[in-house]
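# Residue-level structure breakdown
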Amino acid sequence: MKFGKEFTAQMVPEWQAAYMDYNSLKMQLKEIQRFHARGRPAAHLVKQKSALYRAFSGLIQRQKSQRQPTSLSSPDGESQVIVVNSVAQDGSLGYETRFLMSGEEGGEYELVFFRRLDDEFNKVSKFYRSKVDEVLKEADVLTKQMNALIAFRIKVENPNGWADRSNDIIRLSSDVAASWAALSASAPSGARAASRRVFKDFLLDVEPTCGRQPDGSSNGEDNAINQKVEEKKPNNFRATRPAPLQVLDHLKINNTLETPRSTIKGFLNVPKRTEPNFNKESLKKVEERLKQALVVFYNKLRLLKSYSFLNTLAFSKIMKKYDKITSRDASKAYLKMVDNSYLGSSDEVNRLMERVEHTFIKHFSNANRSKGMRILRPKAKREKHRATFFMGFFGGCTAALVLALILIARARNLLDKPGATQYMETMFPLYSLFGFVVLHMLMYAANIYFWRRYRVNYSFIFGFKQGTELGYREVLLLSFCLATLALASVVSNLDMEMDPKTKDYKAFTELIPLALVVLVLIIFICPFNIIYRSSRFFFLTCLFHCLCAPLYKVTLPDFFLADQLTSQLQSFRSLEFYVCYYGWGDYKLRQNTCSTSDVFRAFSFIVVAIPYWCRLFQCLRRLFEEKDAMQGYNALKYFSALVAISVRTAYSLDRGKINWNMMAWIFSIVAAIYGTYWDLVFDWGLLQRQSKNRWLRDKLLVPYKSVYFGAMVLNVLLRFAWLQTVLNFQVSFLHREAMITIFASLEIIRRGIWNFFRLENEHLNNVGAYRAFKSVPLPFNYDEDEDKDD
């Protein structure tokens, strides 16, 4: 793989704009190469002709002196091709390269190259410095959190007798300091340095809350250690004190766990309890949250280290290409500047990583290094050939069963038999549920494939735990497995109907769809670590949050799933039919009395309203918390859609009244226009007139603009699929249930298209803000004023 592709593949997607623009600099070098190529043939001919008129040097070559005069082509001369100076730029240190050969032919191309190179390096260095400053500040906060955790742990695990033990530790550390000072007075400098390291390691082991600076600098510590012995009193050993329990006096617990009870209390302005409960259950919760914060912080340090390494390597590669094309030796001077710059010489990130590893292993993995490093550095998820094999196997089974179903229907002429209409009204709605779910899973698998292809960081956006996110192969495997089970049930049902031996067991054959639904539900809630347990529980958690929408804080996975549910209205109707068909015993007589029941008709309104009510409550919750007017407009959109779908449901149940027809038209048109405009402008970020990509947006991940225009047209057309309900489209060779299923499938396809561009827009928003990490709530909250007084 070429370096350019490898460089792009290893970038942090949200920081992509902050990396060196390797391709742009490479294109500039190609222009220099093309210029030299144009002038090279003529010079070559002149050199060849002039060689014909030189004096013949003889057939015997004599040994010449090894000493030759220094020329401009020597390394010493070539080192003066460029001069790199440090300059002040916008309050920060930058670098500027002066190209000394600009007077040569074609020198203006090289001058432009070095200007762009300086711009890229200053951009990279400035970004790296800003991120390092951020992690240093975060390290200060985490240091305070660790102080509080240790004090909290002391209070819980050893509430009595700690004062005596702490005095012993202080006396021990004082004795060690005194011994070290006496030894260092008579020891050589090398031994003094070695003993200083040993003493500092002792301090770290005795006091995990030592006052080291986050950047790992030790000048202050060394100066303090080199003081005279008589100046070292026990009250001056702040770095060697155990975690003071007084820190708990001005400490509060951050209660970030959202529950329905806490939401109701917040709405009623009931004050939260912030005083810590000193028990083992609270300690376990605090440790878990701080552990998660350290893992995220360490991951950020790893990405910063990778950022520094990749950019340093990229500058080295581009300068070597420059030397190769121009036959100069300018890379040594420039790369020396890179190595001496903050980007190449800063060691704060490495030292912070070492300290985090030490702290995490000691406090959160029971001093087991291998266990701690497995948590801090989880192995990258590897694609398994087993998943690919079974995906192909079940995909083949699905295709074979679809073909078998078609052949059975044609061979036995099932569509023309008297029981065909009854079958479409009873069994078809039951099995169509699986068709809707499988189609949605197939669209999600396609989304994942294209998100990965265009480097949309969907696992970060959804908040999946690293290594547990499903790839498109796994999603396809699950969808084909479900399709195989459903189709096998349909074929077995038809076969039992046609077989004289099993024809009398009508009730048993009718129970096959219910058995399949129960099996799927059992797999979903199975507590054992099988069939992607983490993904199943993540889905169930988001689903529960959707159903209890106003009582939980709204996150992106929650409202994204609620949007998916709004495209699955026909699935909700199928579930309602399951309850009616099996709950009222219609399956025993194979008849459908649900449509004539007033209770069923009343619940039809409630069932189709559930997804829209969930999404409406989510918008209202965000409006209440964020005070963002856009959430109010978004809530109005879902309310209009809720009214429209309710009116259309009423019209489909009672088509005789002209009033329902008119109201269905009016509310459906308003909801469709409102929803379409919101999709294109706010969810996808398109239709920007002043954009450099007219009517689209400035940044596009898909290189073909026609894809965006085609998606917009499709979204508009599929948004109006509700016309089938109002106009009551009928096709002579299709049953009404089949028509409903087709138009419901079109809405699922529209939702699949919407998913890709919605997450693309979210990803570009993260890229614009360089947001590559989610904030992790910390367990403790300090009272800053009291802390300063202390």
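Along each chain, residue indices are assigned from 1 in the same order as the chain's sequence is written. In view of the model being predicted, local features appear only for residues whose pLDDT reaches at least 70, and side-chain atom pairs are presented and counted only at 80 or more, with totals across whole chains, interfaces and linings using the full set of residues. Hydrogen atoms and water are omitted, and side-chain values are computed over all heavy atoms in the structure.

### Overview of the pattern of salt bridges
Rules: Within this document, salt bridges are pairs made up of a side-chain nitrogen of Lys or Arg and a carboxyl oxygen of Asp or Glu, the two lying within 4 Å of each other. For helices the rule is a DSSP run of H or I covering at least 4 residues; for strands it is a run of E covering at least 2, with both sets numbered from the N terminus onward.
Applying the stated rule across the entire model yields 21 salt bridges. Put simply, Lys285 and Glu281 hold a salt bridge, and the shortest N to O gap is 3.8 Å. Of the two residues, Lys285 and Glu281 both sit in helix H9 (residues 280–326), 4 residues apart, roughly one turn of that helix. Taken together, the salt bridges that share partners define one network made up of Asp679, Arg719, Glu747 and Arg750.

### Considering the layout of surface pockets
To keep things clear, this is the line we draw: Each cavity reported here is a set of points on a 1 Å grid over the protein atoms alone in which a 1.4 Å probe fits but cannot get out, each pocket an open set with protein on both sides within 12 Å along at least five of seven lines, and each lining residue one with an atom within 4 Å of a point. Grid points are joined across faces, edges and corners, and a volume is the space filled by probe spheres set on the points.
In this structure, the second largest pocket spans a volume of roughly 1,700 Å³. Of all elements in the fold, only helix H14 (385–411), helix H15 (420–453), helix H17 (472–498) and helix H29 (736–768) reach the threshold of two or more residues within the lining of the second largest pocket. Of the residues forming the lining of the second largest pocket, the biggest block, 14 residues, is contributed by H15.

### Observations concerning the state of the cysteines
Disulfides are covalent bonds that connect the sulfur atoms of two cysteines. Spelled out, the test is: Our working definition of a disulfide is a cysteine sulfur pair at a distance within 2.5 Å. Working definition: with a 1.4 Å probe on protein chains only, accessible area under 20% of the residue-type maximum means buried, over 50% means exposed, and in between means partly exposed.
Applying the stated criterion across every chain yields a total of 1 disulfide. Across a sulfur-sulfur distance of 1.8 Å, Cys580 and Cys594 are joined as a disulfide pair. Judged by the sign of its S-S torsion, about -110 degrees, the cystine formed by Cys580 and Cys594 is left-handed. With Cys580 in helix H22 (residues 569–583) and Cys594 in the loop between helix H23 (586–589) and helix H24 (598–626), this residue pair connects regions lying 14 residues apart in the sequence. Here Cys580 matches Cys594 in class, with each residue buried. No disulfide involves Cys481; its sulfur sits 9.0 Å from the nearest other cysteine sulfur, which is in Cys397.

### A closer look at the packing of aromatic side chains
Where we set the bar: Here the aromatic set is Phe, Tyr and Trp, taking the six-membered ring for Trp, and pairing holds for ring centres within 6.5 Å; pairs whose planes are under 30 degrees apart are stacked, those over 60 apart are edge-to-face, and all others are tilted.
One pass over the full model with this rule turns up 49 aromatic pairs. Centre to centre, the rings of Phe99 and Phe114 are 5.5 Å apart; their planes meet at 25 degrees, and the pair counts as stacked. With a gap of 15 residues between them, Phe99 in strand E2 (residues 92–99) and Phe114 in helix H4 (residues 107–157) connect regions that are remote in the sequence. The exposure class assigned to Phe99 is buried, which follows from its relative accessible area of 5%. On the basis of an interplanar angle of 40 degrees and a centroid distance of 5.4 Å, the ring pair of Tyr582 and Tyr587 is categorised as tilted. Residue Tyr582 is classed as buried on the basis of its relative accessible area of 11%.

### Concerning the side chain of Thr97
The test is simple: Note on contacts: a residue pair qualifies if any of its non-hydrogen atoms lie within 4.5 Å across the two residues.
Considering the arrangement of structural elements, one finds Thr97 in strand E2. Taking relative accessible area as the criterion, Thr97 reaches 10% and is therefore assigned buried. Not counting residues up to four positions away in its chain, the partners in contact with Thr97 are Ile82, Val83, Val84, Phe114, Asp118 and Tyr334.

### Notes on the environment of Pro429
Structurally, Pro429 can be placed in helix H15. Judged by relative accessible area, Pro429 falls into the buried class, the value being 10%. Sequence spacing of Pro429 and Gln570 is 141 residues, and the spatial spacing of their C-alpha atoms is 9.2 Å. Setting aside its immediate chain neighbours within four residues, Pro429 contacts Met424, Ser574, Phe577 and Glu737.

### Overview of a positive patch on the surface
Going by this rule: Like-charged residues within 9 Å of one another, or nonpolar side chains (Val, Leu, Ile, Met, Phe, Trp, Tyr) within 5 Å, are grouped into patches, provided each residue has over 30% relative accessible area and no salt bridge. Note that accessible areas follow from Shrake-Rupley with a 1.4 Å probe, and for residues the cover is restricted to the protein chains shown. Think of it this way: Lys and Arg go in the positive column, Asp and Glu in the negative one, and His and the chain ends go nowhere. For this purpose, a charge sits on NZ of Lys, CZ of Arg, CG of Asp or CD of Glu.
Together, Lys2, Lys5, Lys30, Arg34, Arg38, Lys317, Lys320, Lys321 and Lys324 make up a positively charged patch on the protein surface. Counting residues per element, the ones that place at least two in the positive patch are helix H2 (22–51) and H9. By the element assignment, Lys321 lies in helix H9.

### Structural notes on the pairing of E2
Here is the rule: Two strands are counted as paired when DSSP detects at least two bridges linking them.
The sheet contact formed by strand E1 (residues 82–89) and E2 spans 8 bridges and is antiparallel. Across the sheet, residue Val87 finds its bridge partner in E2, namely Gly94. The hairpin formed by E1 and E2 contains 2 residues between the paired strands, and Asp90 there has a positive phi angle of roughly 55 degrees.

### Thoughts on the environment of Ile742
In this fold, Ile742 is placed in helix H29. Of the residues examined, Ile742 reaches a relative accessible area of 39% and is grouped as partly exposed. Separated by 306 residues in sequence, Ile742 and Phe436 place their C-alpha atoms 9.9 Å apart.

### Here we look at helix H10 (residues 331–340)
Operational definition: Taken from the helix axis, the directions to the C-beta atoms give the arc we talk about.
Among the residues of H10, those classed as buried are Ser331, Tyr334, Leu335, Met337 and Val338. Projected down its long axis, H10 shows its buried positions confined to an angular sector of 150 degrees, all on one face. With respect to the buried face of H10, the exposed residues turned more than 90 degrees away are Lys332, Lys336 and Asn340. Looking at the buried positions of H10, the neighbouring elements they touch are E1, E2, H4, H9 and helix H11 (342–345).

### Considering the packing of H9 against helix H12 (residues 348–364)
Let me state the cut-off plainly: Helix axes are fitted only over the stretch in contact, all axes being lines through C-alpha atoms; the angle between N-to-C directions runs from 0 to 180 degrees. Between 65 and 115 degrees an angle is taken as roughly perpendicular, under 35 as roughly parallel, over 145 as roughly antiparallel, and anywhere else as oblique. Two helices crossing with the near one rotated counterclockwise from the far one by less than a right angle form a left-handed crossing, whereas a clockwise rotation gives a right-handed crossing.
Look at H9 against H12: their axes get within 10 Å of each other, and the N-to-C directions meet at 155 degrees. Overall, the two elements H9 and H12 adopt an arrangement that is roughly antiparallel. Between H9 and H12 lies a crossing whose hand is left-handed. Between H9, through Glu287, Leu290, Lys291, Leu294, Val295, Phe297, Tyr298, Leu301, Arg302, Leu304 and Lys305, and H12, the contact on the second element is made entirely by Val349, Asn350, Leu352, Met353, Val356, Glu357, Phe360 and Phe364.

### With respect to helix H20 (residues 533–547)
Every α-helix carries 3.6 residues per turn, so stepping three or four residues along brings you back to the same face. The criterion, for reference: Residue count minus one, scaled by 1.5 Å, sets the expected span of a helix.
Its 15 residues place the ends of H20 21 Å apart at the C-alpha level, agreeing with the 21 Å of an ideal helix rising 1.5 Å per residue. Taken together, the buried positions of H20 are occupied by Ser535, Arg536, Cys542, His545 and Cys546. Against the buried residues of H20 lie helix H19 (512–525), helix H21 (556–566) and H24.

### A short note on the side chain of Asp586
In this structure, Asp586 sits in helix H23. Look at Asp586: it is buried, it has no salt bridge, and the nearest opposite charge is Lys588 at 9.9 Å. Setting aside anything within four residues of it in sequence, one finds Asp586 in contact with Tyr581, Gln591, Asn592, Thr593 and Cys594.

### Things to note about unusual backbone geometry
Even without glycine at this site, Asn366 takes up a positive phi of about 55 degrees. Mapped onto the elements of the fold, Asn366 is located in the loop between H12 and helix H13 (369–376). Residue classification places Asn366 among the exposed residues on the basis of a relative accessible area of 72%. In this model, Leu687 sits at a positive phi of 60 degrees, which is unusual for a non-glycine residue. Within the secondary structure, Leu687 sits in the loop between helix H26 (658–683) and helix H27 (705–719). Given a relative accessible area of 33%, Leu687 falls into the partly exposed group.

### Description of the packing of H21 against H24
So the rule is basically this: Residue polarity follows a fixed list, in which Ala, Val, Leu, Ile, Met, Phe, Trp, Tyr, Cys and Pro are nonpolar, Asp, Glu, Lys and Arg are charged, and the others, Gly among them, are polar.
Between H21 and H24, the least distance of the axes is 8 Å, while the angle of their chain directions is 150 degrees. The orientation of H21 relative to H24 falls into the category roughly antiparallel. Like other packed secondary-structure pairs, H21 and H24 cross with a definite hand, here left-handed. Along its contact with H21, which presents Asp558, Phe559, Ala562, Asp563, Leu565 and Thr566, the element H24 presents Pro611, Tyr612, Arg615, Gln618 and Arg622. When grouped by side-chain class, the residues that make up the contact of H21 with H24 number 5 nonpolar, 2 polar and 4 charged.

Geometry only, nothing functional implied.
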